[in-house]
Amino acid sequence: PPGSGKTSLLRAIAGLLPNKKGKRGPSIDGSIEYNGLPYQNDKGIIFSNAISFIDQTDNHAPRLTVRETFKFAFSCKSGGTHRTAETPSTEKADGLIAELDKNEFRINMILEALGLSHGFDTFVGN
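Residue positions are counted from 1 within each chain, in the order its sequence is given. For a predicted model such as this one, the threshold for reporting local features is a pLDDT of at least 70, and the threshold for listing and counting side-chain atom pairs is 80 or more; totals across whole chains, interfaces and linings nevertheless cover every residue. The basis for every side-chain value is the complete set of heavy atoms in the structure, and neither hydrogens nor water enter the calculation.

## Observations regarding the overall build of the protein
Inference 1: The way it works is that DSSP assigns letters per residue, a run of H or I at least four long becomes a helix, a run of E at least two long becomes a strand, and they are numbered from the N terminus. Of regular secondary structure, the protein possesses 4 helices and 2 strands.
Inference 2: Counting from the amino terminus, helix and strand elements in the protein follow one another as α-β-β-α-α-α.
Inference 3: For the radius of gyration, the atom set is restricted to C-alpha positions; the globular benchmark scales as 2.2 Å times the number of residues to the power 0.38. For 126 residues, the compact-globule formula gives about 14 Å, and the C-alpha radius of gyration of the protein, at 18 Å, lies well above that figure.
Inference 4: Across its three principal axes, the protein shows a C-alpha extent of roughly 45 × 40 × 20 Å.
Inference 5: For the protein, with 126 residues in total, the buried portion stands at 14%.
Inference 6: Here, two residues are considered to be in contact whenever any of their heavy atoms come within 4.5 Å of each other. Contacts in the protein between residues far apart in sequence, at least 24 positions, make up 52% of those at least 6 positions apart.
Inference 7: For the accessible areas, the method is Shrake-Rupley and the probe is 1.4 Å, while residue cover comes only from the protein chains on display. When the accessible surface of the protein is split by element, carbon and sulfur atoms take 56% of a total near 9,700 Å².
Inference 8: Taking the 15 positively charged and 14 negatively charged side chains of the protein as two groups, their mean positions are separated by 8 Å. Each residue's exposure class comes from its accessible area (1.4 Å probe, protein chains only) as a fraction of the maximum for that residue type: buried when under 20%, exposed when over 50%, partly exposed otherwise. Only four residue types enter the tally: Lys and Arg on the positive side, Asp and Glu on the negative side, with His and both chain ends excluded. By convention, charge coordinates are those of NZ in Lys, CZ in Arg, CG in Asp, or CD in Glu.

## Observations regarding the side chain of His 82
Inference 1: Topologically, His 82 is positioned in the loop between helix 2 (66-78) and helix 3 (91-102).
Inference 2: Judged by its relative accessible area of 8%, His 82 is buried.
Inference 3: Distance and chemistry together define a polar contact, namely a pair of N or O atoms within 3.5 Å, with one atom able to donate a hydrogen and the other to accept it when in protein, and with adjacent residues in sequence counting only for side-chain atoms on both sides. A polar contact is formed between the side chain of His 82 and the backbone nitrogen of Arg 106, at a distance of 3.1 Å.
Inference 4: When sequence neighbours within four positions are dropped, the list of residues in contact with His 82 reads Phe 74, Ile 97, Leu 100, Asp 101, Glu 104, Phe 105 and Arg 106.

## Brief notes about the packing of helix 2 against helix 4 (residues 105-113)
Inference 1: Every angle, taken between N-to-C directions, lies between 0 and 180 degrees, and every axis is a line fitted to C-alpha atoms, over only the stretch in contact when it is a helix. Between helix 2 and helix 4, whose axes approach to 10 Å, the crossing angle comes to 125°. In terms of their interaxial angle, helix 2 and helix 4 are classed as oblique. Here helix 2 and helix 4 pass one another in a crossing that is right-handed. Between helix 2 and helix 4, the contacting residues are Val 66, Arg 67, Phe 70, Lys 71 and Phe 74 on the first element and Arg 106, Ile 107, Asn 108, Ile 110 and Leu 111 on the second. For classification purposes, an angle smaller than 35 degrees is called roughly parallel, one larger than 145 roughly antiparallel, one from 65 to 115 roughly perpendicular, and anything else oblique. Handedness of a helix crossing follows the sense of rotation of the near helix relative to the far helix, less than a right angle counterclockwise being left-handed and clockwise being right-handed.

## A look at the side chain of Glu 104
Inference 1: Structurally, Glu 104 is set in the loop between helix 3 and helix 4.
Inference 2: Among the polar contacts made by the side chain of Glu 104, one reaches the side chain of Lys 71 at a distance of 2.8 Å.
Inference 3: With residues up to four places along the chain from it excluded, the contact list for Glu 104 reads Arg 67, Lys 71 and His 82.

## A short note on the environment of Ile 110
Inference 1: Assignment of secondary structure puts Ile 110 in helix 4.
Inference 2: Judged by relative accessible area, which is 32%, Ile 110 ranks as partly exposed.
Inference 3: Remark: the alpha-carbon pair of Ile 110 and Leu 96, spanning 14 residues in sequence, is separated by 19 Å.

## A short note on helix 2
Side chains of residues three or four places apart in an α-helix project in the same direction, reflecting 3.6 residues per turn.
Inference 1: One less than the number of residues in a helix, times 1.5 Å, gives the span that helix is expected to have. Between its terminal C-alpha atoms helix 2 stretches 18 Å, which fits the 18 Å expected from 13 residues at 1.5 Å a residue.
Inference 2: Here the buried face of helix 2 lies against helix 4.
Inference 3: Of the residues flanking the end of helix 2, it is Gly 79, one or two places downstream, whose phi is positive at about 80°.

Read these as spatial facts, not as claims about activity.
Below, the structure written as structure tokens:
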């Protein structure tokens, strides 16, 4: 039902609620853990790379194509590269990541998985 806290729960899980009381709107009183690990941890696990929250009102740039929209989202989330903090810096790994980046592997994979590869040059619109 409306107002039962569904969106607040999802925002908390995604790490989008403040921890400070006294602010207007929802905040966290306590902590959220994932398999016993806190959101901010010293294990090198970055939960924000695995968890996202899309608000009910999803705004898009109407003059971007589907591919450009996904490329923009990928750049915002990953810095525009397939390299992660855990990726070793070896000649082989560097070459593979350069190839993945050049071919926009993750963007193409998501477009294909969602069945959008046929319309990737279509404008999103508003």
